[in-house]
Amino acid sequence: MFEKIKTKKLPYKTSDLPSHPSTYYDLPALTAGIENQGLNNYVPRSNATVLKNVISISANGANTGVTFYQNSEFTVLQDAYAIKWIFNNNSLSDNQFLFLTSTIRKAIYGNYDWSNKAGWEKIKNDKILLPITQNGEIDFKFMESFVAELEAERVAELEAYLAAASLKDYELTADELSALSKFENYNWGEFRIGDLFEMKNTFSFNKEKLTDGNEYDYVTRTSNNQGILQSTGFVNARNLNEAGIWSLGLLQMDFFYRQRQWYAGQFVRKIIPKIKLTQNSILFFTTLLNSQKNILLSVLVRDVDKTFKNLKIKLPVTANDEIDFEFMNNFIKAIKKLVIKDVVLYTDNKIKATKSIVSSNQ
C-alpha cells in the first residue's frame, strides 16, 4: 500500500544547521529525532526534495520505527525516510493519514532497535490492521469519523479545562493593557537573588529504590518533562522535598516550579523563596530564574550555590522601590490571555468542524 520516496542526498551535518528557520534556511529537515516530529533542523530549499502530506519513519537509534504524518513541507536529511500511499496520495485526508500513521507505528515501533533498524526493506513486508467495509474494502469513511471523534473528545476536555480555569475570557482589562504598554519603560530595580531565594541540597536517592505508582514525582537533572523522570509510589516520607519551591537540575540548569511534594535524584538542588509569592508572580520569577542559566552553566558545579545567590535580577518596583507584585500579576494575566486567545479560538473552530464531520458520516 505504500512505497518509499526517493529523495536527494543533502551535504549537511545536523551540527552545522540552525534549529530555527531563517530567510535562507527555511525548510524543515527530517532526522531520527522523536521531538517536533523529527524536524529539528532547517536547510536551504535549493537541491532539496520538498515533501508534504506523507508519512515519515525514523530508521536509526533508539527512536527507530517512530512514525509521523507530515502535513507541511519538509525534506529528508538523514537516518529517516518518507513513504507515500501508492494508489492516490492526494485522495487521503489528514484524519485518514493520522489513522494510517498510528497503525503503522503500532506495527513497527518497539519491534526494531539499534542492531535491527526499521529500514524500508525490512518493514515493507510487515502487516497492519485496517477497518474494512462489508465488501472487504478499506473503510476510509470509518477512519475519518473515528479520528474526528477522538479529536473531539480531546478538544472537549481542553475546552472544559479552559472554562474551569476561567481561561475562556481573553479580553484584556484596562490594568492588563496598561501593564503591557508600560513594560519596557516601567520602573525596574536590581535585586540580589540571595536576598529573595536560598539554594539547598535535596533529599535524594537513586532511582533503583523507586517503587511502582504515581503518588509523587521523581525529579532528576534532566530537562525533559519538567525534570520528571517518572512518577513513583511511596518510598519514605523523610525523602520528600516540599511543595511550593523550585527544583534546579545541575545539568542544563533548568528551574522548574514544584506544585506538590517530590522526590529528587542526585545533582538536583531546591530553590526556596524567602518572599511570599502569588501564582502569577511564580511564573514571572520562573522566567527570571531561567534567564540565569548561561551564567550558571559557565561555573563549576561546586560553585553554583555561591554564584547563584550573588546574581542580580531586575524586578518592577513601586515608587517606594518595593517589588511591584500588582504589576507582575497584571502583566502575567495579560500574557496568559494573549496566549490562550489562540487556544480558545482553536477549540471553538475544531469543535464546530468535528461536529460537521461526525454528523455527515453517521
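Cut-off values and rules
- The written sequence of each chain sets the order in which its residues are numbered from 1.
- This being a predicted model, a pLDDT of at least 70 is required before a residue's local features are given, and a value of 80 or more before pairs of side-chain atoms are given or counted; all residues contribute to the totals for chains, interfaces and linings.
- In computing side-chain properties, one takes all heavy atoms of the structure into account and sets aside hydrogens as well as water.
- What pLDDT reports is the predictor's confidence in each residue, on a scale of 0 through 100.
- In this description a helix means any DSSP run of H or I spanning at least four residues, a strand means any run of E spanning at least two, and both kinds are numbered starting from the N terminus.
- Site definitions follow a grid-based scheme: protein atoms alone, a 1 Å grid, a 1.4 Å probe that fits but cannot get out for cavities, and for pockets an open set with protein on both sides within 12 Å along at least five of seven lines, plus lining residues having an atom within 4 Å of a point.
- Grid points are joined across faces, edges and corners, and a volume is the space filled by probe spheres set on the points.
- Gly is placed with the polar residues, together with every amino acid not listed as nonpolar (Ala, Val, Leu, Ile, Met, Phe, Trp, Tyr, Cys and Pro) or charged (Asp, Glu, Lys and Arg).
- Classification of residues uses two cut-offs on accessible area relative to the type maximum, computed with a 1.4 Å probe and protein chains only: under 20% is buried, over 50% is exposed, and between them is partly exposed.
- To define a nonpolar core, start from buried Ala, Val, Leu, Ile, Met, Phe, Trp, Tyr and Cys residues and group those joined through side-chain atoms within 4.5 Å.
- Only heavy atoms enter the contact rule, under which two residues are in contact if any of them lie within 4.5 Å.
- In this scheme, strands are said to pair when DSSP sees at least two bridges between them.
- In this analysis an axis means a line fitted to C-alpha atoms, helices contributing only their contacting stretch, and an angle means the value between N-to-C directions, from 0 to 180 degrees.
- Reported orientations rely on four angle classes, namely roughly parallel under 35 degrees, roughly antiparallel over 145, roughly perpendicular from 65 to 115, and oblique for the rest.
- By convention in these notes, a salt bridge is any Lys or Arg side-chain nitrogen within 4 Å of a carboxyl oxygen on Asp or Glu.

Observations regarding the confidence of the model for the protein
Item 1. Mean pLDDT over the protein stands at 90; residues scoring 70 or higher make up 93%.
Item 2. The element-level mean pLDDT for the protein is lowest in strand β11 (residues 228-232), coming to 73, with strand β6 (residues 75-76) highest at 98.

What about the layout of surface pockets?
Item 1. Considering only enclosed or pocket space, the largest pocket measures out at about 520 Å³ in volume.
Item 2. As for the largest pocket, its lining consists of 20 residues, and the residues nearest its centre are Leu-98, Phe-99, Ser-102, Val-147 and Leu-150.
Item 3. At the level of secondary structure, the elements contributing two or more residues to the lining of the largest pocket comprise α1 (94-108), α3 (140-164) and α9 (325-361).
Item 4. Per-element accounting of the lining of the largest pocket gives the leading share, eight residues, to α1.
Item 5. Partitioning the lining of the largest pocket into residue classes produces 11 nonpolar, three polar and six charged.

Notes on unusual backbone geometry
Item 1. Despite not being glycine, Asn-47 has its phi angle at roughly 65°, a positive value.
Item 2. Counting through the fold element by element, Asn-47 comes out in the loop between β3 (39-43) and β4 (54-58).
Item 3. Of note, the phi angle at Met-253 is positive, near 60°, even though the residue is not glycine.
Item 4. Counting through the fold element by element, Met-253 comes out in the loop between β12 (245-249) and β13 (254-258).
Item 5. Residue classification places Met-253 among the buried residues on the basis of a relative accessible area of 3%.

Some remarks on the nonpolar core
Side chains of a nonpolar character, in soluble globular proteins, are inclined to be buried together.
Item 1. Among the nonpolar cores identified, the biggest contains 30 residues, and Phe-197, Trp-246, Phe-285, Phe-308 and Leu-315 are the most heavily contacted of them.
Item 2. Counting only elements with at least two residues in this core, the list comes to α5 (193-196), β9 (197-201), β12, α6 (279-290), α8 (304-310), β16 (312-316) and α9.
Item 3. Sorting elements by how many residues they give to this core places α6 first, with five residues.
Item 4. Beyond its immediate stretch of four places on either side in the chain, Phe-308 contacts Ile-193, Phe-197, Met-199, Phe-255, Ile-271, Leu-289 and Leu-296.
Item 5. Counting residues in hydrophobic clusters, the runner-up holds 22 residues, among them Ala-59, Tyr-69, Ile-83 and Leu-130.

Quick look at the pairing of β13
Item 1. In terms of burial, β13 is largely enclosed, as four of its five residues are buried.
Item 2. Examined bridge by bridge, β12 and β13 share five bridges and lie antiparallel to one another. Residue Leu-248 lies in a different strand from β13, and its bridge partner there is Phe-255.
Item 3. What sits between β12 and β13 in their antiparallel hairpin is a turn of four residues, with Met-253 showing a positive phi close to 60°.

Notes on the packing of α1 against α3
Between two packed helices, the angle of one axis relative to the other and the distance separating the axes together describe the packing.
Item 1. Running from amino to carboxyl end, α1 crosses α3 at an angle of 90°, the nearest separation of the two axes being 8 Å. Between α1 and α3, the angle falls in the class roughly perpendicular. Contacts between α1 and α3 involve Asn-95, Gln-96, Leu-98, Phe-99 and Leu-100 from the first element and Phe-140, Phe-142, Met-143, Glu-144, Phe-146, Val-147 and Ala-148 from the second.
Item 2. Along the lines of polarity and charge, the residues of the contact of α1 with α3 split into nine nonpolar, two polar and one charged.

Describing the pattern of salt bridges
Item 1. Under the counting rule described, the total for this entry stands at 12 salt bridges.
Item 2. The partner of Lys-124 in a salt bridge is Glu-121, and the shortest N-O contact between them spans 3.0 Å.
Item 3. Among the residues examined, Glu-121 registers a relative accessible area of 57% and is labelled exposed.
Item 4. We note a salt bridge from Lys-333 to Glu-176, for which the minimum N-O separation is 3.7 Å. Pair noted here: Lys-333 is in helix α9 and Glu-176 is in helix α4 (residues 174-182), with a separation of 157 residues, a long-range link.

Some words on empty space enclosed by the protein
Item 1. Taken as a whole, this structure holds one cavity of 30 Å³ or more when the rule is applied.
Item 2. Roughly 30 Å³ of volume is contained in the largest cavity.
Item 3. Together, Leu-30, Thr-31, Gly-33, Gly-38, Ser-56, Ile-57, Ser-58, Val-66, Phe-68 and Ala-80 line the largest cavity.
Item 4. The biggest single contributor to the lining of the largest cavity is β4, with three residues.
Item 5. For the lining of the largest cavity, the per-class residue count stands at five nonpolar, five polar and no charged.

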